[in-house]
Amino acid sequence: MTPLLDTPDDLFSNHILKYLTVADLCRLRRVCRKFHDPERNVVLKEFMARDEGLTLSQQYASNSAFLSLFNCRERVTWFQRCSDFAWEMTRQALRHQSEYVLCRDPDCPYVNLHARVPRIANGLRNGKNYMFFAQFTCQENLLWEGFLQDYNPLSDLTSPIRELIAPGEPAADALDDRFVDFYDNFVVESDVRFHLDARNVTNLTKDLVRSDLHVTLISLIYSPGGSSPELRLHYSSQGIQLKYPEPPSLNHSISIDVLMDQDVMSHYRKHDAYATPFLLWSAENHLFTVSMLYNFEHVREADQRASGQAINLGFRDFLRAIDEQYLGYHHDEG
Amino acid sequence: MEDAIVKLTSKEGETFDVPRKVAMMSKLVKDTFSDDDDEDDEEDETEVKEVPLPNVTAPVLKKVIEYCTHYQDEEMTPIQTPLKSGTLDELVQAWYANFVKVDRNMLFDLVAAANFMDIKPLLDLTCLAVSILIKGKSAQELRQMFNISAELSPEEQAEAQRENAVAE
């Protein structure tokens, strides 16, 4: 026995392994049987402890794909990889912004946004699991990071606003006029690709949504029975574009923060295309959803032609539908 | 009471006179004292007490005393996890970083001594130093460094290697 292996297991578990990264733990497993054998495996126990901690802090839903697709070791490992990738993208975006590189520059050396997110159907997008991972930072300090589930695994077109408006409450009372304008001018005219349930986000409050808030959104894409999962960047930028209502009003129960646009490159180089996430907050000022909308006029038109119908209704129509459903109430024209 | 001396006796029988406050950093020593105090409340507080440490060799005990003595003047800042750096000098004060720049056998003996004598900050520091030895090393480098023979089957090796590829 070498002195390292003489070290009691509880010292490994309680001290030495706590300081190691996930990559170090994986390598250590290969050193000898002490770290590999299921009976004596202190490394596996450390993975289990970390997984337990993550499950608790992340509040994974019981039907989460991340829980069902991976074992505890893989969950810890992929969480770490997502975190590392998100940090890399956050730093890339900060460098990008500080260098004033024109984003439409074809020689731009930075990782492009992956904007071709397929529509969801039965929890899958084009047969693949897209597990979205968000990272909220402020001046390179982490506020929160973790996986966000699809708000509705059956359809990207289900608006989360419907759930926030209490039954019996006239929609117009819950929403600010400017919010409606925003929705009509930006959301309806754009292509909402996904709404993510953000109710498990902690440590991000409305007062932290300022110009120095940096949001990075990536996904871990898993193909059942296919190749190794991939990581893709969907958004990484600092700053807030619009806040509704501003200042916060007690009269309106829902509020929304629209993040800065980020240009989408590669396939859409010839078009004005950009990604715009927005954060929807409940009346209690809890983050409710993170949504991503894209402005690809040519793509949206193609989608509409393919489906033979408009993807989004006008928001005022949508409000009317809510009110009719709950109240039998009709808005005045205009 | 402050000037009281404790005699710490190493495995070889060598005795070190240590101020009580320094010796009391060890929970083992502290517990020995409280047990004695319970038995004899009237005991003379200036009496020199002896604590045998049969698991700790003299050179290691000397290092442990050096640590506990320095700690009285400059308390070690607690180690924050997750670690913000992979270098000791950026995680603890310079004196403590230099303190654990010793050969591996001495480092492992210090881990064992800190564990046996129950000195938490020393245990944290020495375990951190072991972790930093492990950090970033390949399995083969670790085996060479710690003189461990490869004992995993090719299948186990392949499985672990696959996981490693994911984590890298």
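Procedures and definitions
Residues numbered from 1 in each chain as written. Chains lettered and ligands numbered in written order. Predicted model: local features only at pLDDT ≥ 70, side-chain atom pairs only at ≥ 80, totals over all residues. Heavy atoms only, no water. Helix = DSSP H or I, 4+ residues; strand = E, 2+ residues; numbered from the N terminus. Buried < 20%, exposed > 50% of the residue type's maximum accessible area, 1.4 Å probe, protein only. Contact = heavy atoms within 4.5 Å. Domains from an automatic or database assignment. Buried area = accessible area lost by both parts, 1.4 Å probe. Salt bridge = Lys/Arg side-chain N within 4 Å of Asp/Glu carboxyl O. Pairing = 2+ DSSP bridges. Axes fitted to C-alpha atoms, helices over the stretch in contact; angles between N-to-C directions. Phe/Tyr/Trp six-rings, centres within 6.5 Å; stacked < 30°, edge-to-face > 60°. Lys NZ or Arg CZ within 6 Å of the ring centre and 35° of its normal. 1 Å grid on protein atoms, 1.4 Å probe; cavity = no way out; pocket = protein on both sides within 12 Å on 5 of 7 lines; lining within 4 Å. Points joined across faces, edges and corners; volume = space filled by probe spheres on them. Nonpolar A, V, L, I, M, F, W, Y, C, P; charged D, E, K, R; others polar. Polar contact = N/O pair within 3.5 Å; in protein donor to acceptor, adjacent residues only side chain to side chain. Core = buried A, V, L, I, M, F, W, Y, C linked by side-chain atoms within 4.5 Å.

1. Focus: the overall build of chain A
Looking only at helices and strands, chain A features 11 helices and 12 strands. Across the 334 residues that make up chain A, the buried fraction comes to 54%. Here the analysis covers contacts within chain A between residues at least 6 apart in sequence; of these, 67% occur between residues at least 24 apart.

2. Quick notes on the overall build of chain B
The secondary structure content of chain B amounts to eight helices and three strands. Secondary structure of chain B in N-to-C order comes out as β-β-α-α-β-α-α-α-α-α-α. In chain B, which comprises 168 residues, the share counted as buried stands at 45%. Sequence separation of 24 or more characterises 60% of the internal contacts of chain B that already satisfy a separation of 6 or more.

3. Overview of the domain arrangement of chain A
All names here are of chain A. With domains assigned, chain A is organised as domain 1 (3–58) and domain 2 (65–327). At the interface, 10 residues of domain 1 touch 12 residues of domain 2. Taking both sides of the interface into account, the surface hidden between domain 1 and domain 2 amounts to around 1100 Å²; carbon and sulfur atoms contribute 64%. When residues of domain 1 are sorted by the area they lose upon contact with domain 2, Val22, Asp51 and Gln58 head the list and together hold 48% of the total. Arg75 serves as the salt-bridge partner of Asp51, at 2.8 Å between the closest nitrogen and oxygen.

4. Considering the sheet that holds strand β3 (residues 49–52) of chain B
Residues and elements named next belong to chain B. Strand order in the open sheet formed by three strands is β2-β1-β3, with mixed pairing between adjacent strands. The sheet is open, and its two edges are formed by β2 (15–19) and β3, each paired on a single side. Between one strand axis and the next, the sheet turns through 30 degrees on average, direction left out of account. Pairing of strand β1 (residues 5–9) with β2 involves five bridges; the strand directions are antiparallel. Each bridged residue has a counterpart across the sheet, and for Thr9 the counterpart in β2 is Thr15. Packing of helix α3 (residues 58–73) onto the sheet brings it into contact with β1 and β2, and relative to β2 it is tilted by some 10 degrees.

5. Digging into the packing of aromatic side chains
Taken as a whole and assessed by the stated rule, the structure comprises 17 aromatic pairs over all chains. Pairing Tyr60 of chain A with Phe66 of chain A gives two aromatic rings, centres 5.5 Å apart and planes at 55 degrees, and the pair type is tilted. Accessibility expressed as a relative area gives 2% for Phe66 of chain A, which makes it buried. With centroids separated by 6.1 Å and ring planes inclined at 35 degrees, the aromatic side chains of Tyr130 of chain A and Phe132 of chain A adopt a geometry described as tilted. By the burial criterion, Tyr130 of chain A is buried, and Phe132 of chain A matches it. One aromatic cluster is present, built from ring pairs that chain together Tyr60, Phe66, Phe70, Trp78, Phe79, Phe133, Phe147 and Tyr222 of chain A. Seen from the ring of Phe99 of chain B, Lys63 of chain B lies directly overhead, with NZ or CZ sitting 4.1 Å from the centre.

6. Re the layout of surface pockets
The calculated volume of the largest pocket comes to roughly 1300 Å³. Every residue lining the largest pocket is counted, 38 residues in all, and those nearest its centre are Gln80, Ser83 and Glu145 of chain A together with Pro82 and Leu83 of chain B. Counting only elements with at least two residues in the lining of the largest pocket, the list comes to α3 (22–29), α4 (42–58), α6 (72–99) and β4 (141–150) of chain A. Tallying contributions element by element places α6 of chain A first for the lining of the largest pocket, with nine residues. Here the residues of the lining of the largest pocket are counted per class, giving 14 nonpolar, 13 polar and 11 charged.

7. Side note on the pattern of salt bridges
As enumerated under the stated definition, the model contains 17 salt bridges over all chains in all. Asp89 of chain B is the partner of Lys101 of chain B in a salt bridge, and the nearest nitrogen-oxygen pair spans 3.4 Å. Taken together, the residues Lys101 of chain B in the loop between α4 (94–99) and α5 (104–117) and Asp89 of chain B in the loop between α3 and α4 connect sequence positions 12 residues apart. Overlapping salt bridges bring together Arg119, Arg125, Asp150 and Asp156 of chain A as one network.

8. With respect to the side chain of Arg27 of chain A
Residues and elements named next belong to chain A. Position of Arg27 relative to the elements: it lies in helix α3. The class for Arg27 is buried, based on a relative accessible area of 9%. Here the side chain of Arg27 touches Asp24 through a polar contact of 2.5 Å, side chain to side chain.

9. Examining the nonpolar core
What tends to happen in soluble globular proteins is that the nonpolar side chains get buried as a cluster. Counting 125 residues, the largest nonpolar core has Phe136 of chain A together with Leu8 and Tyr67 of chain B as the members making the most contacts within it. Per-element tally for this core: the top contributor is helix α6 (residues 120–134) of chain B, with nine residues. When we break this core down by domain, the ones giving at least three residues each are domain 1 (3–58) and domain 2 (65–327) of chain A. Not counting chain neighbours up to four residues away, the residues in contact with Leu8 of chain B comprise Glu14, Thr15, Phe16, Val18, Val29, Val51, Leu53, Leu61, Ile65 and Met117 of chain B. Counting 13 residues, the second largest nonpolar core, distinct from the first, contains Ile161, Leu164, Val258 and Leu280 of chain A.

10. Comments concerning the pairing of strand β11 (residues 274–281) of chain A
Residue and element names in this part refer to chain A. Among the eight residues of β11, seven are classified as buried, and the element is accordingly described as predominantly covered. As judged from the four bridges shared by strand β9 (residues 255–259) and β11, these two strands associate in the antiparallel manner. If you follow Ile256 over to β11, its bridge partner there is Leu280. Judged from the two bridges that link them, strand β10 (residues 262–263) and β11 form a sheet pairing that is antiparallel.

11. Looking at empty space enclosed by the protein
Residues and elements named next belong to chain B. On inspection of all chains with the given rule, the structure shows two cavities of 30 Å³ or more. Taken as a whole, the largest cavity encloses approximately 50 Å³ of empty space. Lining the largest cavity we find Leu8, Val18, Val22, Ala23, Met25, Ser26, Val64, Ile65, Cys68, Met117 and Ile119. Of all the secondary-structure elements, those providing two or more residues to the lining of the largest cavity are α1 (20–23) and α3. Here the lining of the largest cavity takes three residues from α3, the largest share from any one element. Tallied by class, the residues present in the lining of the largest cavity amount to 10 nonpolar, one polar and no charged.

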